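What follows is the residue order along each chain.
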Amino acid sequence: MPRPAPGVAGADQHRGVLVRKAATEGGSQPDKQPSPRKRRDAKKTSRKRSPKPPTRKRNYVCSVRLNSDEKILLATAASATRTSLPAFLARSGLAAAHDLDNTAAALAGHRELVAELFAARRHLGQVGNNLNQVARAINSGGQPAEVDAVVAAVQRAVTRVQAATDRLMDQR
């Protein structure tokens, strides 16, 4: 059997299998010294935030239930202020608690407006009932004298409901 050229696959056999050595790349290269490994520098700064002082640390958890519209609205506001939702809720609540006069006035105004809206809705229902009675009288062949008064009352009730709705929407 002829001898192979140096550095190429040889005819060496190990238990009947040819032993091949790399000619140019990949295998061990005894002439070349491996480069010494460089040690990594120790991290000089921590990537974590520094801990809050014990006086500012928040230890209590409060649970809040929201519907999907409320959660979307609050999450959007939180991302606009570049805070998390819990941080946004905490800061907003604390701001409201520190300014109780404005907060109480806003809540009272909101409650009054909602009460007015419910009252106007009730009034509209009563006036609608009167309108149904007039329509029944007309359909049966009668001519009720209160037609103009009932139509005017319906218009006033609708105006009242619309005004309350507009004020409520302006508050949002």
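Fair warning: this is a prediction, and the values are worked out from it, not measured in the lab. (Residues numbered from 1 in each chain as written. Predicted model: local features only at pLDDT ≥ 70, side-chain atom pairs only at ≥ 80, totals over all residues. Heavy atoms only, no water.)

Trainee: Kindly report on the overall build of the protein, identifying the contributing residues and their values.
Mentor: Along the backbone of the protein there are four helices and two strands. Reading the helices (α) and strands (β) of the protein from amino to carboxyl end gives β-β-α-α-α-α. Counting the 172 residues in the protein, one finds 10% classified as buried. A sequence separation of at least 24 residues applies to 45% of the contacts in the protein between residues at least 6 apart. For the protein, the exposed area adds up to about 15900 Å²; of that, 53% sits on carbon and sulfur atoms. (Helix = DSSP H or I, 4+ residues; strand = E, 2+ residues; numbered from the N terminus. Buried < 20%, exposed > 50% of the residue type's maximum accessible area, 1.4 Å probe, protein only. Contact = heavy atoms within 4.5 Å. Areas by Shrake-Rupley, 256 points an atom, 1.4 Å probe, with all protein chains shown as cover.)

Trainee: Tell me about the pattern of salt bridges, and please be specific about residues and values.
Mentor: If you walk through the whole model with that rule in mind, you get one salt bridge. Two residues, glutamate 116 and arginine 160, come together in a salt bridge whose shortest N-O distance is 2.8 Å. Of this pair, glutamate 116 sits in helix 3 (residues 100-139) while arginine 160 is found in helix 4 (residues 147-171), placing the two residues 44 residues apart along the sequence. (Salt bridge = Lys/Arg side-chain N within 4 Å of Asp/Glu carboxyl O.)

Trainee: Would you mind going over the confidence of the model for the protein in detail, with residue names and values included?
Mentor: Predicted coordinates in areas of low pLDDT are best not read in detail. Considering every residue of the protein, the mean pLDDT works out to 76; 69% of them sit at 70 or more. Looking across the protein, the model is least confident in strand 1 (residues 13-14), with a mean pLDDT of 54, and most confident in helix 1 (residues 68-80), with 90. (pLDDT = per-residue confidence, 0-100.)

Trainee: Please give an account of the packing of helix 1 against helix 2 (residues 85-98) that cites residues and values.
Mentor: Packing of helix 1 against helix 2 brings their axes to within 9 Å, and their N-to-C directions diverge by 90°. By the angle between their directions, the pair helix 1 and helix 2 is classed as roughly perpendicular. When helix 1 is examined against helix 2, the residues Lys71, Leu74, Ala75, Ala77 and Ala78 are found in contact with a partner set consisting of Leu85, Phe88 and Leu89. Residues that form the contact of helix 1 with helix 2 fall into these classes: seven nonpolar, no polar and one charged. (Axes fitted to C-alpha atoms, helices over the stretch in contact; angles between N-to-C directions. Parallel < 35°, antiparallel > 145°, perpendicular 65-115°, else oblique. Nonpolar A, V, L, I, M, F, W, Y, C, P; charged D, E, K, R; others polar.)

Trainee: Account for helix 2, with residues named and values stated.
Mentor: End to end, helix 2 covers 20 Å across 14 residues, agreeing with the expected 20 Å (1.5 Å per residue, within 8%). On its buried side, helix 2 packs onto helix 1. (Expected span 1.5 Å × (residues − 1).)

Trainee: Tell me what's going on with helix 1, and back it up with residues and numbers.
Mentor: The end-to-end C-alpha separation of helix 1 is 18 Å, in line with the 18 Å expected for 13 residues at 1.5 Å each. At the N-terminal boundary of helix 1, the capping side chain belongs to asparagine 67, with an oxygen 3.1 Å from the backbone nitrogen of aspartate 69. Of the residues trailing helix 1, arginine 82 is marked for its positive phi of about 60°. (Polar contact = N/O pair within 3.5 Å; in protein donor to acceptor, adjacent residues only side chain to side chain.)

Trainee: Let's hear about the nonpolar core: which residues, and what values?
Mentor: One finds Val127, Val134, Val150, Ala153, Val154 and Ala157 forming the largest nonpolar core, which totals six residues. Going through the elements one at a time, helix 3 and helix 4 are the ones with two or more residues in this core. Residue contributions to this core peak at four residues, all from helix 4. The residues touching valine 134, leaving out its near neighbours within four places in the chain, are Pro144, Val147 and Val150. (Core = buried A, V, L, I, M, F, W, Y, C linked by side-chain atoms within 4.5 Å.)

Trainee: If you had to explain a positive patch on the surface to someone new, which residues and values would you point to?
Mentor: A surface patch of positive charge is lined by Arg49, Lys52, Arg56, Arg58 and Arg91. Note that arginine 58 resides in the loop between strand 2 (17-18) and helix 1. (Patch = residues over 30% accessible without salt bridge, like charges linked within 9 Å, V, L, I, M, F, W, Y side chains within 5 Å. Lys, Arg positive; Asp, Glu negative; His and termini not counted. Charge placed at Lys NZ, Arg CZ, Asp CG, Glu CD.)

Trainee: Can you break down a nonpolar patch on the surface residue by residue, with the values?
Mentor: On the surface, Val64, Leu66 and Leu89 cluster together into a nonpolar patch covering about 220 Å² of accessible area. Here leucine 89 is to be found in helix 2. The partly exposed category is assigned to leucine 89, whose relative accessible area is 30%.

Trainee: Which residues make up unusual backbone geometry, and what values go with them?
Mentor: A positive phi is found at arginine 82, a non-glycine position, where the angle reads about 60°. Counting through the fold element by element, arginine 82 comes out in the loop between helix 1 and helix 2.

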